[in-house]
Amino acid sequence: MKNRYDKVMNKIEVTDEMRNRILQNLQSVDFEQKPQNKVVRFPSIKKYRSVTACFAILLVGALTLPNMLNHEPSGNEVLTPGADIAEVSTLEELSDAVGFEVSDITCLPFEVQERTYTAYGEELAEIEYRGEGQTAVLRKSPGQDDNSGDYTEYTDTQEITVGTFAVTLKGRSERYVLATWHDGQYSYSLNITNGLTMADWERIVSEMN
């Protein structure tokens, strides 16, 4: 907890403009209180201004600290490009970058007008297809874990068998936007913005394998 507090406090910075604004506001404060017609005077206003300014700075930290410490990631995490993330130009370059073969999809339910190939180190290959106002994202990675990055709680989940693969479909009202499966060596996920029927998914997964 102390380390997290120190990291947050290092991010709290009070600029000269903020400090001047605080002191200007304090100058307009009436430091005289008149309970029951009695005047209580503060003989050293400057000293109390400094103390109050420090208190204001601590108050800013107290208000922002809980949100920063308790931040949780959203359902769909966005991977930020970094040293191990590379966008390449072709499918062959993508396969070379990740160290395993990656195949294209030719059976999407829309005409593909643009493709983006991204390698996340040697851990994951991603192809994003765009066209006709729709988007599809295919991911392949070594292992058997769900690599979709989609943690939305869908109301409709179905397990189907396509050839020798057990495929999990997720969506709403029998329109499925996400399919995940593995072949024992690699995991696959395909996310399509416009949901498809179970029959459509059976056809796509079958043609992919």
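The written sequence of each chain sets the order in which its residues are numbered from 1. Local features are withheld for residues below a pLDDT of 70 in this predicted model, meaning they are given only at 70 or higher, and side-chain atom pairs are given and counted only at 80 or more; totals for whole chains, interfaces and linings count all residues. To get the side-chain values, take all heavy atoms of the structure and skip hydrogens and water.

A. Spotlight on the packing of aromatic side chains. When the centres of two rings from Phe, Tyr and Trp lie within 6.5 Å, Trp using its six-membered ring, the rings pair. Their planes under 30 degrees apart give stacked, over 60 give edge-to-face, and anything left gives tilted. Per the stated rule, a full pass over the model turns up two aromatic pairs. With a centroid separation of 5.2 Å and an interplanar angle of 40°, the aromatic rings of Phe-100 and Tyr-186 are classed as tilted. Taken together, the residues Phe-100 in the loop between α4 (91–98) and β2 (114–120) and Tyr-186 in strand β8 (residues 186–196) connect sequence positions 86 residues apart. Geometrically, the ring pair formed by Trp-181 and Tyr-188 is stacked, given 5.6 Å between the ring centres and 10° between the ring planes. Each residue is placed in one exposure class: buried if its accessible area under a 1.4 Å probe, protein chains only, is under 20% of its type's maximum, exposed if it is over 50%, and partly exposed if it falls in between. Taking relative accessible area as the criterion, Tyr-188 reaches 13% and is therefore assigned buried. In our convention, an over-ring charge means Lys NZ or Arg CZ found within 6 Å of a ring centre and within 35 degrees of that ring's normal. One cation-aromatic arrangement involves Lys-140 over Tyr-186; the distance from NZ or CZ to the ring centre is 4.5 Å. Put simply, DSSP H or I for four residues or longer makes a helix, DSSP E for two residues or longer makes a strand, and each gets a number counted from the N terminus.

B. View of the sheet that holds strand β3 (residues 124–131). Two strands make a pair as long as DSSP finds a minimum of two bridges between them. Here we have eight strands laid out as an open sheet, ordered β1-β2-β3-β4-β8-β7-β6-β5, and antiparallel in their pairing. Unpaired on one side and paired on the other, β1 (85–88) and β5 (156–162) mark the two borders of the sheet. With strand direction ignored, the average angle separating the axes of adjacent strands in the sheet is 20°. Sheet topology note: the β2/β3 ladder contains seven bridges and is antiparallel. Its bridge partner lying in β3, Ala-119 is registered against Ala-125. Helix α5 (residues 198–208) contacts β4 (134–142), β5, β6 (165–172), β7 (175–182) and β8 of the sheet and is inclined by roughly 145° relative to β8. Structural elements are reduced to axes, namely lines fitted to C-alpha atoms, with helices fitted over the stretch in contact, and the angle between N-to-C directions of any two is expressed from 0 to 180 degrees. Any two residues whose heavy atoms approach within 4.5 Å are treated as being in contact.

C. Region of the structure containing the pattern of salt bridges. A side-chain nitrogen of Lys or Arg and a carboxyl oxygen of Asp or Glu constitute a salt bridge if their distance falls within 4 Å. One pass over the full model with this rule turns up five salt bridges. Salt-bridge contacts for Arg-130 lead to Glu-114; the nearest nitrogen and oxygen are separated by 3.0 Å. Taken as a pair, Arg-130 in strand β3 and Glu-114 in strand β2 lie far apart in primary sequence, 16 residues in all. Counted as one network, the salt bridges with shared partners bring together Glu-114, Glu-128 and Arg-130.

D. Local environment of the side chain of Arg-139. Within the secondary structure, Arg-139 is located in strand β4. A 3.5 Å cut-off defines polar contacts: any pair of N or O atoms within that distance qualifies, except that in protein one atom must be a possible hydrogen donor and the other a possible acceptor, and neighbouring residues in sequence count only when both atoms are side-chain atoms. Within the local environment of Arg-139, its side chain forms a polar contact with the backbone oxygen of Ser-148, the two atoms lying 3.2 Å apart.

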